Amino acid sequence: MTNETDQFLQSVGSSEQGKRVSGVAISDEVILETRDVNVYYGDHHALNDTSLKFHKGEITALIGPSGCGKSTFLRSLNLMNREIRGCRVEGEILYQGRNINTKTENLYELRKSIGMVFQQPNPFHKSIRENITFAPKRHGIKDKDILDQMVEESLRGAALWDEVKDKLDKSAFALSGGQQQRLCIARTLAMKPDVILFDEPCSALDPISTLAIEDLMGQIVADRAIVIVTHNMEQASRVSNRTAFFYMGDMVEYGETNQIFQRPNDKRLNDYLTGMFS
Amino acid sequence: MAKQMPKRNLEKVGLSVTGACVALVTLVVVALIFMVAQRGLSTFIKDGVNVAEFFTGTEWNLANTNEATGLPFTGALPLIVTSFAVTVISTIIAVPIAIGAAIFVVEIQPKFGQKYFQPLIELLVGIPSVVFGLIGFHVIVGAMRVIFNVDLGLGILPGSIVLALMILPTVTTLSIDALRAVPDGYRQGSLALGYTRWQTIWHVVLKSATPSLMTAVILGMTRAFGETLAVRMVIGGVEAMPEGLLDSASTITTTLTTSMAVYATGSVQNDVLWSLGLLLMGMSLIFIMIIHLIGAKGAKSRG
């Protein structure tokens, strides 16, 4: 490993430790809560009665084998599932105490408050600046000074500013995969969301970029709740305060991350953690 | 099999057969361009027709001789104007419909699109242009007479409508491909930022598909510019500057078909028809170059 990489890893490790103690729950303030959420794709019952709470200042990891319903659950939280034909979400999803799983809820306003970052970095085919201002413009912000300020704030927030400040008008596609993913996080941060949902945000990235994203999550979680779906057990144990284990459409076990990884109660979780299946 | 051919020989045969195909195609293309250029240019070099007069003159009359120059009237501007008019108007009619249909089948009802709409569109591609011309002559020209209360109903407008119908399948199919090629991540990203479905289609899907959509439009225009038969059936065939959209006119292509068998090879009149052919080739070359430029620019901005 090169010297540079070494330094980077050290800085990542230290800043994370400085800000947060991972694996220990620290907050009582619930921002988002689900009560008996069920999801169906046509006749297929993909998720059974899932009730979870997401706390301010905490990262919650959703783990489990492929097809266990964790991504389905994540996509219910900002009702992205509604965009899929034939998908039905039942149960209550309470954002700041208000049920949002209703016919009258304005999803498009709601998604300002509940942001989402995807598996594959998906910046728009636009400049770096326009990628950030895309959403604020939709929500009615036209003033150039305010937009410029938002661009800088969001990019600083996503630890990307120093790398791109001289090429804001260049195409976002000129960035590396890890930078693109941080741009997508910056784009989400511009809306100052209370909740950010991460759907396997690092599975398309190299190890260094992965650590940068994990570090970033630790920095931005302070005044919001973060929910992350991940296949990477180590990532879940590194970044999260609480963990929920899903298996075949059921939320099997939920608890503080330390407990989940060190003293799992459910046999299926234990088998999963010890690599009996994946 | 009587005798197995040695492998090395077989390779040589393959090489020479495919190589010969390439040589043949190249030869045909080069010979074609050379021939059209040679005949087309001799109008100006050998026969002494003024190039500027050809492009800007407004009187086209091959049967009569201009007393002043001793040459037939070869002002091609009315034909050029008519050709561009039918091309542009038919594109303006066809493109919104094509893109609208593409949005519906890609973004709104993908299953319907794949199962019913695309086979239907493909059927439309296969209809011979004479059928379009026939429909145009009996239905569209008739409708023009009724709607606009004119005597003939022939001219640029019915020509453009017939052409619009003809290029519609091409432009629609290419637009569908263009929208399908937009990565799903863009749509998801946009929805997750609070854009509605329509805002996503408008600001993200169409925006990022613009280069491919432009290509679709220009390919449609190329086809409209070169189409002859169906246009000939509804445009009236009067080689004069059209004074309105319902005034009988004649495009470059229809003039070519009307006059090609009338004049002897080597006559000024025959040469000037080759000049029209050269002009058509030049235009299609320009269209193709634009498509390549768009493609190159798109590739560059994708990094």
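Just so it is clear, the structure is predicted and the values come from calculations on it, not from any experiment. (Residues numbered from 1 in each chain as written. Chains lettered and ligands numbered in written order. Predicted model: local features only at pLDDT ≥ 70, side-chain atom pairs only at ≥ 80, totals over all residues. Heavy atoms only, no water.)

Draft legend 1. Quick look at the state of the cysteines. Residues and elements named next belong to chain A. Counted by the stated rule, this structure contains zero disulfides over all chains. Here C87 stays unpaired: no disulfide links it, and the sulfur of C68, its closest cysteine neighbor, is 15 Å away. According to the relative accessible area criterion, C87 is buried, its value standing at 15%. (Disulfide = S-S within 2.5 Å. Buried < 20%, exposed > 50% of the residue type's maximum accessible area, 1.4 Å probe, protein only.)

Draft legend 2. Representation of the interface of chain A and chain B in the model. The partner chain B presents 21 residues to the 22 residues of chain A that form the contact. For the pair chain A and chain B, the summed buried surface comes to about 1900 Å²; carbon and sulfur atoms form 59% of the total. Contact with chain B buries area across many residues of chain A, yet H125, F134 and R138 of chain A alone supply 28% of it, more than any other trio. Scanning the region where chain A abuts chain B turns up zero salt bridges. (Contact = heavy atoms within 4.5 Å. Buried area = accessible area lost by both parts, 1.4 Å probe. Salt bridge = Lys/Arg side-chain N within 4 Å of Asp/Glu carboxyl O.)

Draft legend 3. Region of interest: the packing of helix α4 (residues 128-138) of chain A against helix α5 (residues 144-157) of chain A. Residues and elements named next belong to chain A. Packing of α4 against α5 leaves a shortest axis separation of 9 Å and a crossing angle of 115 degrees. Taken together, the axis directions place α4 and α5 in an arrangement best described as roughly perpendicular. Considering how the two elements wind past one another, α4 and α5 form a crossing that is right-handed. The residues of α5 that touch α4, namely those facing I128, R129, I132, T133, P136 and K137, are L147, D148, M150, V151, S154 and L155. (Axes fitted to C-alpha atoms, helices over the stretch in contact; angles between N-to-C directions. Helix = DSSP H or I, 4+ residues; strand = E, 2+ residues; numbered from the N terminus. Parallel < 35°, antiparallel > 145°, perpendicular 65-115°, else oblique. Left-handed = near helix turned anticlockwise from the far one by under 90°.)

Draft legend 4. Looking closely at helix α7 (residues 184-192) of chain B. Looking at α7 of chain B, one finds that the buried residues are Y186, R187, G189, S190, L191 and A192 of chain B. A positive backbone phi angle near 95 degrees is found at G194 of chain B, which sits one or two residues after α7 of chain B.

Draft legend 5. Highlighting the pattern of salt bridges. This structure, assessed with the given rule, holds 23 salt bridges over all chains. One salt bridge connects E58 of chain A with R242 of chain A, and the closest N-O pair in it is separated by 2.5 Å. Residue E58 of chain A is located in the loop between β2 (44-55) and β3 (59-63), and its partner R242 of chain A is located in strand β9 (residues 242-247); the two are separated by 184 residues in the primary sequence. The class for R242 of chain A is buried, based on a relative accessible area of 13%. The closest approach of N and O atoms between K46 of chain B and D47 of chain B, which form a salt bridge, is 3.7 Å. Residue classification places K46 of chain B among the exposed residues on the basis of a relative accessible area of 53%. Residue classification places D47 of chain B among the buried residues on the basis of a relative accessible area of 15%. Residues participating in the shared-partner salt-bridge network are R129, K144, D148 and D169 of chain A.

Draft legend 6. Up close: a nonpolar patch on the surface. Residues and elements named next belong to chain B. Together, I127, V130, V131, I135, V139 and L229 make up a nonpolar patch on the protein surface, roughly 440 Å² of accessible area in all. With four residues, the single largest contributor to the nonpolar patch is helix α5 (residues 129-148). Looking at the element boundaries, I127 is found in the loop between α4 (110-126) and α5. Residue I127 is classed as partly exposed on the basis of its relative accessible area of 31%. (Patch = residues over 30% accessible without salt bridge, like charges linked within 9 Å, V, L, I, M, F, W, Y side chains within 5 Å. Areas by Shrake-Rupley, 256 points an atom, 1.4 Å probe, with all protein chains shown as cover.)

Draft legend 7. Representation of the packing of aromatic side chains in the model. All chains considered together, the criterion is met by 15 aromatic pairs over all chains. Aromatic side chains F134 of chain A and Y195 of chain B sit 4.0 Å apart centroid to centroid with 10 degrees between the ring planes, which places their arrangement in the stacked category. Of this pair, F134 of chain A sits in helix α4 while Y195 of chain B sits in the loop between α7 and α8 (197-226), placing the two residues on different chains. Both residues of the pair, F134 of chain A and Y195 of chain B, belong to the buried class. (Phe/Tyr/Trp six-rings, centres within 6.5 Å; stacked < 30°, edge-to-face > 60°.)

Draft legend 8. A look at the pairing of strand β4 (residues 87-95) of chain A. Residue and element names in this part refer to chain A. Relative to β4, strand β1 (residues 30-41) is paired through eight bridges, and the arrangement is antiparallel. The partner of E33 across the bridge, within β4, is L94. As paired elements, β4 and strand β5 (residues 98-99) share two bridges and run antiparallel to each other. Paired with Y95 across the strands is R98, a residue of β5. (Pairing = 2+ DSSP bridges.)

Draft legend 9. Representation of the environment of S90 of chain B. All names here are of chain B. Looking at the element boundaries, S90 is found in helix α3 (residues 77-108). Judged by its relative accessible area of 0%, S90 falls in the buried class. Between the C-alpha atom of S90 and that of S250, which follows or precedes it by 160 residues, the distance is 15 Å. At 2.8 Å, the side chain of S90 and the backbone oxygen of V86 are in polar contact. (Polar contact = N/O pair within 3.5 Å; in protein donor to acceptor, adjacent residues only side chain to side chain.)

Draft legend 10. Summary view of the environment of V36 of chain B. All names here are of chain B. Relative to the elements of secondary structure, V36 occurs in helix α1 (residues 7-45). Taking the C-alpha atoms as reference points, V36 and G277, separated by 241 residues in sequence, lie 6.9 Å from one another. Not counting residues within four places of it along the chain, the set of residues in contact with V36 comprises W274, G277, L278 and M281.

Spatial relationships are all this shows, so hold off on functional conclusions.
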